[in-house]
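# Survey of secondary and tertiary structure
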Amino acid sequence: MEVGIPASSAISINADFEPKIFNDLKLGKHFSLQTVLGYSRLLGGGDNGGLQTFEYGFDFAYAISRDELPVPGVQQFTPMFELAGETGLNKDESGQNSLLGSIGFRVDFKPIEDLHPSLGLGYVFPIDNNAHAEVHWGIATSLTWEF
């Protein structure tokens, strides 16, 4: 479940309510597939208030361990390909699809005592015309510290 609280800015006018189903599937020693399916509804009085969409995503990854790729300080390297889309369910967006792709990697570093740092980097690109109207390209990054 995701809930977005509006910040009363030009971009964040409506609250966002998103129940979702997540699934992780590991096939063999290296390959994994993650899926997400969900419903999104914007709540509020902004122009998009009441907008409903079906959201979906698929992430394909191939984990390469330190034994197979001995890079100093790296525990695991994981190249990934992701598809993320949405389909409008009402208003002018009804039946319109938007699909983005991204290609990148995640690096899991060796633990520092109880901390497990991980760095992700990806190139985001539109796949269809509706996505291209919103995004020309982008870079996605993440830095996490698990403990």
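The structure contained in this document is the topic of the report that follows. Along each chain, residues carry numbers from 1 onward, in the same order as the chain's sequence is written. Where totals are concerned, whole chains, interfaces and linings use all residues; where local detail is concerned, this predicted model gives features only for residues with pLDDT of at least 70, and gives and counts side-chain atom pairs only at 80 or more. With hydrogens and water excluded, all non-hydrogen atoms of the structure serve as input to the side-chain values.

## Details of a nonpolar patch on the surface
Residues with no salt bridge and a relative accessible area higher than 30% make up the patches, which join like charges within 9 Å and nonpolar side chains (Val, Leu, Ile, Met, Phe, Trp, Tyr) within 5 Å. Here, Shrake-Rupley sampling with a 1.4 Å probe gives the accessible areas, and only protein chains in the shown set may cover a residue. For salt bridges, the criterion is a side-chain nitrogen of Lys or Arg within 4 Å of an Asp or Glu carboxyl oxygen. Side chains of Ile 21, Leu 37, Phe 54, Phe 58, Phe 60, Phe 81, Leu 89, Ile 103, Leu 121, Tyr 123, Trp 137 and Ile 139 sit close together on the surface and give an oily, nonpolar patch of about 1100 Å² of accessible area. Put simply, the parts of the chain that give the nonpolar patch at least two residues each are strand 5 (52-62) and strand 9 (116-126). To qualify as a helix, a DSSP run of H or I must reach at least 4 residues; to qualify as a strand, a run of E must reach at least 2; elements of each kind are numbered from the N terminus. Ranked by residues supplied to the nonpolar patch, first place goes to strand 5 with 3 residues. For Leu 37, the location among the structural elements is in strand 4 (residues 31-43). Exposed residues in this analysis have more than 50% of their type's maximum accessible area, buried residues have under 20%, and partly exposed residues fall in between, with area computed by a 1.4 Å probe over protein chains only. Leu 37 gets classed as partly exposed once you look at its relative accessible area, which sits at 38%.

## Let's talk about the packing of aromatic side chains
Classification of ring pairs rests on two measures: the distance between centres of Phe, Tyr or Trp rings, Trp counted by its six-membered ring, which must be within 6.5 Å, and the angle between planes, read as stacked under 30 degrees, edge-to-face over 60 and tilted in between. Evaluation of the coordinates by the stated rule reveals 7 aromatic pairs. Aromatic side chains Tyr 56 and Phe 58 sit 6.4 Å apart centroid to centroid with 50 degrees between the ring planes, which places their arrangement in the tilted category. The exposure class assigned to Tyr 56 is buried, which follows from its relative accessible area of 19%. Here Tyr 123 and Trp 137 contribute two aromatic rings whose centre-to-centre distance is 6.4 Å and whose plane-to-plane angle is 25 degrees, an arrangement assigned as stacked. Placement of Tyr 123 in strand 9 and of Trp 137 in the loop between helix 1 (129-134) and strand 10 (138-146) is noted, with a sequence separation of 14 residues between them. Here Trp 137 falls in the exposed class, since its relative accessible area comes to 55%. Connected via pairs of aromatic rings, a cluster forms that spans Phe 31, Phe 60 and Phe 81.

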